[in-house]
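A structural walkthrough
The chain contents come next:
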Amino acid sequence: MTAVPTPKPWIAGIDAYVPGKAAGDDGRLVAKLSANENSLGCSPLALAARAEAEHPSRYPDGDSTALRAALGTHYGIDPARIIMGAGSGELLYLAASAYAGLGDEVLFSQYSFSLYDIVARRCGATPVEAPANDYANDVDALLAKVTPRTRVVLVANPNNPTGTYLPRGEIARLHARLPGDVLLVLDQAYAEYVAPEDDDGSLELAAAQPNVFVTRTFSKAYGLAGERVGWGTGPVELVEVLNRLRGAFNVANTAQAAALAALGDQGFVEQSRRHNAEIRRRFAAAIAALGNHGLRMVPSEANFVLVVFEGALSGEAAYQALTQAGYMTRWLPGQGLGHTLRITIGTAEQMDTVAAILRMAAEAAK
Ligand SMILES: *Cc1c(COP(=O)(O)O)cnc(C)c1O
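All figures in this text were calculated on a predicted structure; none of them were measured in a lab.

1. Quick look at the domain arrangement of the protein
For the protein, the assigned domains are domain 1 (18–41 + 267–365) and domain 2 (44–264). Opposite the 26 residues of domain 1 that make contact, domain 2 presents 23 residues. In total, about 2,100 Å² of surface goes out of reach between domain 1 and domain 2, with carbon and sulfur atoms giving 58% of it. Summed over the shared surface of domain 1 and domain 2, the number is one salt bridge. Put simply, Arg296 and Asp134 hold a salt bridge, and the shortest N to O gap is 3.1 Å. At the surface where domain 1 touches domain 2, the tally comes to eight residue pairs in polar contact (both at pLDDT 80 or more). Taken together, the elements giving at least two residues each to the side of domain 1 that touches domain 2 come down to α11 (266–288), β10 (304–309) and β13 (337–344). Considering every element that reaches the side of domain 1 that touches domain 2, the biggest residue donor is α11, with five residues.

Have a look at this one:
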């Protein structure tokens with residue numbers, strides 16, 4: 001027998017990330033409502049900038065200098081406190097691997113982003129889940145799970161896949177009660193969808209506290225998921241640590257160009273937020289009207305909603321009815337959410353059709 005390379009045992013414990021499906025098994029697709037992409041696309045300025053980006057034979061600027069400067073100006077942050085990632089997912093990995101390893105614990109909530117389990121395991125740490133409260137992150141439950149081995153706490157706000165949102169006071173309370181040597185990562189992938197007056201104060205915490213790192217992305221409200229651009233901000237020391245770990249040229253030429261132009265088109269972001277809020281409200285009313293069939297919607301601040309099926313129509317049957325009609329949604333039985341469906345907010349027409357299909361399926365299931 002010849003020896004073969006053996007992956008580390010903690011790597012063997014990882015289930016690979018499963019993205020939202022782009023089409024049904026028969027290849028049929030009317031609407032992809034499974035990956036929380038922006039139904040309005042992206043800013044036309046971003047498309048134009050992408051087409052004119054640096055030639056692909058050239059390496060990108062490894063420090064994403066112009067983009068970090070523009071983010072700094074827009075948000076009032078010293079660019080030295082900003083790090084770019086190939087999507088914010090990369091930054092979540094980097095933050096965990098810099099501060100947690102074998103024997104340590106990475107804490108997050110039940111029903112939170114499925115990537116967190118991989119993020120924890122990839123660096124050898126033990127993932128620890130705190131129970132959710134009616135699908136929402138629960139600050140007291142998280143605090144109760146903190147041990148001397150806790151090194152990193154991951155909180156998505158708004159949370160994916162539930163859409164729930166912790167108000168500013170709860171984020172502040174969580175931070176205030178965490179030991180100073182625990183890194184609090186506030187994942188704000190959907191922050192641009194939250195009304196400005198409901199801001200959770202994460203960026204202020206990241207600016208003032210030595211143990212807070214905030215991640216944001218161009219994948220959701222900016223509509224640039226395919227370009228892979230995310231950013232994070234926190235103490236300059238932390239940013240310097242993560243800069244040592246990241247890929248040297250982690251954000252491509254087209255990605256930097258598109259993100260820079262997209263940041264400059266806040267009108268598009270505002271249009272996306274308003275469009276989403278309006279259609280989400282309309283869809284919520286349609287689901288509320290199906291309450292007698294055991295359907296309910298978890299309150300959402302994001303560009304998707306979690307519908308809970310507690311009547312004759314099961315989450316799986318609803319998923320299949322929608323898939324057969326070409327509407328791809330996200331069914332997550334592996335996360336203990338088999339009785340729910342996560343549905344990205346699409347166009348008004350798409351969401352009206354989704355609601356109509358759910359109504360027909362619910363009536364047939366009686
Ligand atoms: C979509 C999403 C991200 C963003 O991933 P990118 O790598 O930036 O595309 C991060 N966190 C959560 C909770 C998400 O849903």
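Back to the text.
2. Considering the sheet that holds strand β3 (residues 105–109)
A sheet is described by the order of its strands in space; here seven strands give the open sequence β2-β8-β7-β6-β5-β3-β4, paired in mixed fashion. With one partner strand each, in any of the chains shown, β2 (82–85) and β4 (126–130) form the two edges of the open sheet. The mean inter-strand angle of the sheet, taken between neighbouring strand axes irrespective of direction, is 20 degrees. As judged from the five bridges shared by strand β5 (residues 150–156) and strand β6 (residues 183–187), these two strands associate in the parallel manner. Its bridge partner lying in β6, Ala156 is registered against Asp187.

3. Here's the deal with the site of the ligand
As a structural note, the neighbourhood of the ligand is formed by 13 residues, with Asp187, Tyr190, Thr217, Ser219 and Lys220 the closest of them. Here a nitrogen atom of the ligand and a side-chain polar atom of Asp187 are 2.6 Å apart. With the chains in place, 91% of the 390 Å² that the ligand exposes on its own is no longer accessible.

4. Describing the side chain of Lys220
Mapped onto the elements, Lys220 comes out in the loop between β7 (212–217) and β8 (230–233). Asp187 is the oppositely charged side chain nearest to the buried, salt-bridge-free Lys220, at an N-O distance of 7.1 Å. Among all residues touching Lys220, those that are not within four sequence positions of it are Ala35, Asn36, Asn38, Ala189, Tyr190 and Tyr193.

5. Quick look at the packing of α11 against helix α13 (residues 348–365)
Close contact between α11 and α13 brings their axes to 10 Å; oriented N to C, the two are set at 10 degrees. What the angle tells us is that α11 and α13 run roughly parallel. Here α11 contributes Ile279, Arg282, Phe283, Ala286 and Ile287 to the contact with α13, which in turn contributes Ala348, Met351, Asp352, Val354, Ala355 and Leu358. Residues of the contact of α11 with α13, tallied by class, amount to nine nonpolar, no polar and two charged.

6. Details of the environment of Ala35
With respect to the helices and strands, Ala35 occurs in the loop between β1 (31–32) and α2 (44–51). Those residues within four positions of Ala35 in sequence are excluded, and the remaining contacts are Lys220, Arg342 and Thr344.

7. Structural notes on the sheet that holds strand β12 (residues 330–332)
The antiparallel open sheet is built from four strands, whose spatial order is β9-β10-β13-β12. Two strands in the sheet have a free side with no partner beyond their single neighbour: β9 (295–297) and β12. Along the sheet, successive strands turn relative to each other by an average axial angle of 30 degrees, direction set aside. For β12 and β13, the ladder comprises two bridges, and the chain directions are antiparallel. Counterpart to Arg330 in the pairing with β13 is Arg342.

Rules used in this analysis
- One numbering rule holds for all chains: residues counted from 1, following each sequence as written.
- Whole-chain, interface and lining totals are the exception, using all residues; otherwise, since this is a predicted model, local features are given only for residues with pLDDT of at least 70 and side-chain atom pairs are given and counted only at 80 or more.
- Excluding hydrogens and water, the side-chain figures rest on all heavy atoms present in the structure.
- An automatic or database domain assignment supplies the start and end points of every domain.
- Between two residues, a contact is recorded if the distance between any of their heavy atoms is within 4.5 Å.
- Accessible area that two parts lose when put together, evaluated with a 1.4 Å probe and summed over both, is termed the buried area.
- We count a salt bridge whenever a side-chain nitrogen from Lys or Arg sits within 4 Å of a carboxyl oxygen from Asp or Glu.
- Any pair of N or O atoms that falls within 3.5 Å is considered a polar contact. Within protein, one atom must be able to donate a hydrogen and the other to accept it, and sequence-neighbouring residues count only if both atoms are side-chain atoms.
- By the criteria applied, helices consist of DSSP H or I runs no shorter than four residues and strands consist of E runs no shorter than two, each listed in order from the N terminus.
- Pairing between two strands requires that DSSP report at least two bridges joining them.
- Axis angles are defined between N-to-C directions and span 0 to 180 degrees, where every axis is a line fitted to C-alpha atoms and, for a helix, only to the segment in contact.
- The near set for a molecule or strand comprises every residue that places at least one heavy atom within 4 Å of it.
- Per-residue and other accessible areas were derived by the Shrake-Rupley procedure at a 1.4 Å probe size, with only the shown protein chains allowed to occlude residues.
- Exposure is judged per residue with a 1.4 Å probe applied to protein chains only, and the accessible area is read against the type maximum: over 50% gives exposed, under 20% gives buried, and values in between give partly exposed.
- Note that His is not counted, nor are the chain ends; the positive residues are Lys and Arg, and the negative ones are Asp and Glu.
- Working rule for angles: under 35 degrees goes down as roughly parallel, over 145 as roughly antiparallel, 65 to 115 as roughly perpendicular, anything else as oblique.
- Residues are sorted three ways: Asp, Glu, Lys and Arg are charged, Ala, Val, Leu, Ile, Met, Phe, Trp, Tyr, Cys and Pro are nonpolar, and all the rest, Gly among them, are polar.

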